[in-house]
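Listed below, chain by chain, are the residues.
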Amino acid sequence: MGSGGAEPHRSKTGLRRALSGLRLVWKVNGLFLLILASALGISGYVWNVAFERDEVASARELSMATSELILTRVRDLMMQHEGGELQDLVGRMARENPAFRDIRLLAHRGAVVASRREPPGAAVGPDAWPCTLCHTPGSSPPLASAPVCCDVIELAEGERAVSVVTPIYREPGCAGAGCHEGVGEGNVLGMLQTDFSLARVDALLARQSRRLALILLLSLLLGSAASFWMTDRLVGQRIQALREGANRIAQHDFTFRFSDPRGDGLAQLVGVFDDVTSELSTTLSELSNAKQHLEAIAENSADIIITVDPVGFITTFNAGAEKVLGYSREEVIGKRIEVLFHDPTEREAAIAQLEHSDHVVNYITRFVTKKGAQRNVLLTLSRLRAPDGNPIGTLGISKDVTTELRLQRRLVRTERMAALGHAITGIQHSIKNMLNVMKGGAYMVNLGLTKGDPAMTNEGWAMVQHGIGDMTEMSKRMLDFARTRKLRLVPTDLGELARRIHHMSETKFMSEGVALTLEAEPNLPAVQCDAEMVQSVIMDLLSNALDACSWKEYKNGEIPEVRLGLRHGEAPDQVRIEVRDNGEGMTEEVRKRLFTPFFSTKEKKGTGMGLAVVERIVSSHEGRTTVESEPGRGAAFIVSLPIRGPIQREEEEDA
């Protein structure tokens, strides 16, 4: 039953294809027949017009000559006063040439003097032909003169005739004739009208038109048959073969070749078709191999490879993505890419960077697995474009770096603790000095108490307190550097935080004779950070800047100055904190060792842990600290913090 129902459908499809293949043949034949019919029709029309013109011209010449001859005879008869012979003259002249439809001689008042068809004495009104040559319509007085007229007229029976009307004027010889009383000299005495029938010409034209129509019909039939046969053989069959070849190519069958033994231009065209088919087969084979190769690379890659359409829906999801994230491709293809991000705004930030470039390289973000676990990935985004340059989506290649980041942080902690161990020797020396100070102070306290000397006692106690303070500060700095504190991340307005710090520090700076200025750009975004730690960073940097200014001897007109600035970062997802001073500055060697624990240029005053803690806090926020300085020209500490906050949390390291 299935095959029986499909066979008529295939037959109808084949018939439609065959008819479709004949469309060009029909169009070519139709155009040829239209041109042929137009050429024959125009030629026949021009021939008929020329024939009619020649025949009418001949009839006019004959009528004019006959009119002159009759007019001469009429003048002779009238001069001889033999007017009774006029009727015989008209009849004889009409009989000599049967083509004359009528010959009439009219008196000046419209009376018929002689006629082939009308009896003498019949009257012609002034409004009838040919009296209208002398009489204007609606007025009986005739004109003084009338021209010789030769025109083609339509007779009452529908017949056409060339009518020649010649006016007869009064001559001096007619002055004594009583038959023309009341007619002045020079006036029209009458009219001679000769009507030459065009029936023969019209019959010839009708017969010629019928012959032309028959010739046109036969020409169209024979021409259409010959044209259809030729175009079908030369064009139609080839088009049908080309269509069949195109259908086979559409079905990915590239073995089709068009064999054409004819050596005409169309054979060369179909030869080009064969060449194109061969090249297309080779190209598609190469493209197929390249596609399979690329698909194999993408499918077998351990990295996460995902493509997304322009509106954010996942289109491809490779095996590496399935393995890392736990989703099957059927579960995510067609869904929005944001379902894979722990924080969708991180993708928005990455896509925003594509506005400036077609690539975003090594962007740290977090994906969420099917089970809800977070994976830190290093994402590279590339914009996909069509050949015309229009965007068609994005390609994301992500590497799971969760383990690497965890190991890196552990390595950093290990290195930090190793550095702490190496610093124990220095710490011991510092503690020994502090204990010696405290020991001396205690001795003075005891001696003062023994001697009853309050001044010595107070001086010794001050030495003990100073030593205790130094040891306490060192212990605090060491603990801040060594311990892993859980960040309290909240959206923080750094501009407001900087203004608060500036207000708290301004009095101290003024007391030291150092100008403190604040330069904060407007509309800075809120930063996800630990506000207390960031405040500690800014305070430590300001303290270092104040010390740097206090060590320098300024020239006349130069004042010590520290500038606290907040600006947009170099990257669109960062904010910069800048502390600049015009103090003593530092050498390149000192600059390289600034963040080393227990390294200090403040001799006995510093513990060498302040900048190490600053670097520790900034690193925990996944920020970066850089220093610019030249000896004698001040220094600039620049802290760059990510607006989105750290991705790899400190507490995640311990998980």
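Residues numbered from 1 in each chain as written. Predicted model: local features only at pLDDT ≥ 70, side-chain atom pairs only at ≥ 80, totals over all residues. Heavy atoms only, no water.

S.K.: So, the overall build of the protein: which residues are in play, and what are the values?
M.R.: Along the protein, the regular secondary structure elements total 16 helices and 17 strands. Per-residue burial for the protein yields a buried fraction of 36% across its 655 residues. When contacts within the protein are restricted to residue pairs at least 6 apart in sequence, those whose partners lie at least 24 apart make up 60%. In the structure as shown, the protein presents an accessible area of about 37400 Å², 58% of it carried by carbon and sulfur atoms. (Helix = DSSP H or I, 4+ residues; strand = E, 2+ residues; numbered from the N terminus. Buried < 20%, exposed > 50% of the residue type's maximum accessible area, 1.4 Å probe, protein only. Contact = heavy atoms within 4.5 Å. Areas by Shrake-Rupley, 256 points an atom, 1.4 Å probe, with all protein chains shown as cover.)

S.K.: Tell me about the sheet that holds strand β4 (residues 160-169), and please be specific about residues and values.
M.R.: Taken in spatial order, the 5 strands line up as β2-β1-β5-β4-β3 in an open sheet, and their pairing is antiparallel. For this open sheet the edge positions go to β2 (112-115) and β3 (149-154), each flanked by a neighbour on one side alone. Across this sheet, the average inter-strand angle for adjacent strands is 20°, counted without regard to direction. Relative to strand β5 (residues 188-197), β4 is paired through 9 bridges, and the arrangement is antiparallel. The partner of P167 across the bridge, within β5, is M191. (Pairing = 2+ DSSP bridges. Axes fitted to C-alpha atoms, helices over the stretch in contact; angles between N-to-C directions.)

S.K.: How would you explain the pairing of strand β10 (residues 391-400) if you had to name every residue and give the values?
M.R.: Relative to β10, strand β6 (residues 304-308) runs antiparallel, the two sharing 5 bridges. Paired with V308 across the two strands is T394, which belongs to β10. Where strand β9 (residues 374-385) and β10 come together, 9 bridges link them in antiparallel fashion. Bridged to R385 within β10 is P391.

S.K.: Describe the sheet that holds strand β12 (residues 515-520), listing the residues and the values that go with them.
M.R.: Strand order in the open sheet formed by 5 strands is β12-β14-β15-β17-β16, with mixed pairing between adjacent strands. Every other strand in the sheet has two partners, leaving β12 and β16 (624-629) as the edge strands with one partner each. Pairs of neighbouring strands in the sheet enclose a mean axial angle of 15°, with direction left out of account. Where β12 and strand β14 (residues 561-568) come together, 6 bridges link them in parallel fashion.

S.K.: Break down the nonpolar core for me, citing the residues and quoting the values.
M.R.: If you look at the biggest cluster of nonpolar residues, it comprises 40 residues, and the most contacted ones within it are L494, V534, L541, L542, V562, I577 and F637. Listed by contribution, the elements that provide at least two residues to this core are α12 (494-511), β13 (527-529), α13 (531-550), β14, β15 (574-581), α15 (610-620) and β17 (635-642). Tallying contributions element by element places α13 first for this core, with 9 residues. If sequence neighbours within four positions are ignored, L494 has contacts with V527, C529, V534, L566, V575 and I577. (Core = buried A, V, L, I, M, F, W, Y, C linked by side-chain atoms within 4.5 Å.)

S.K.: Summarise the side chain of H502; cite the residues concerned and give the values.
M.R.: For H502, the position within the fold is in helix α12. Beyond its immediate stretch of four places on either side in the chain, H502 contacts L516, T517 and L518.

S.K.: Which residues make up the environment of I392, and what values do they have?
M.R.: Along the chain, I392 turns up in strand β10. You can call I392 partly exposed: its relative accessible area is 46%. Sequence-wise, I392 and V311 are 81 residues apart; in three dimensions their C-alpha atoms are separated by 9.3 Å.

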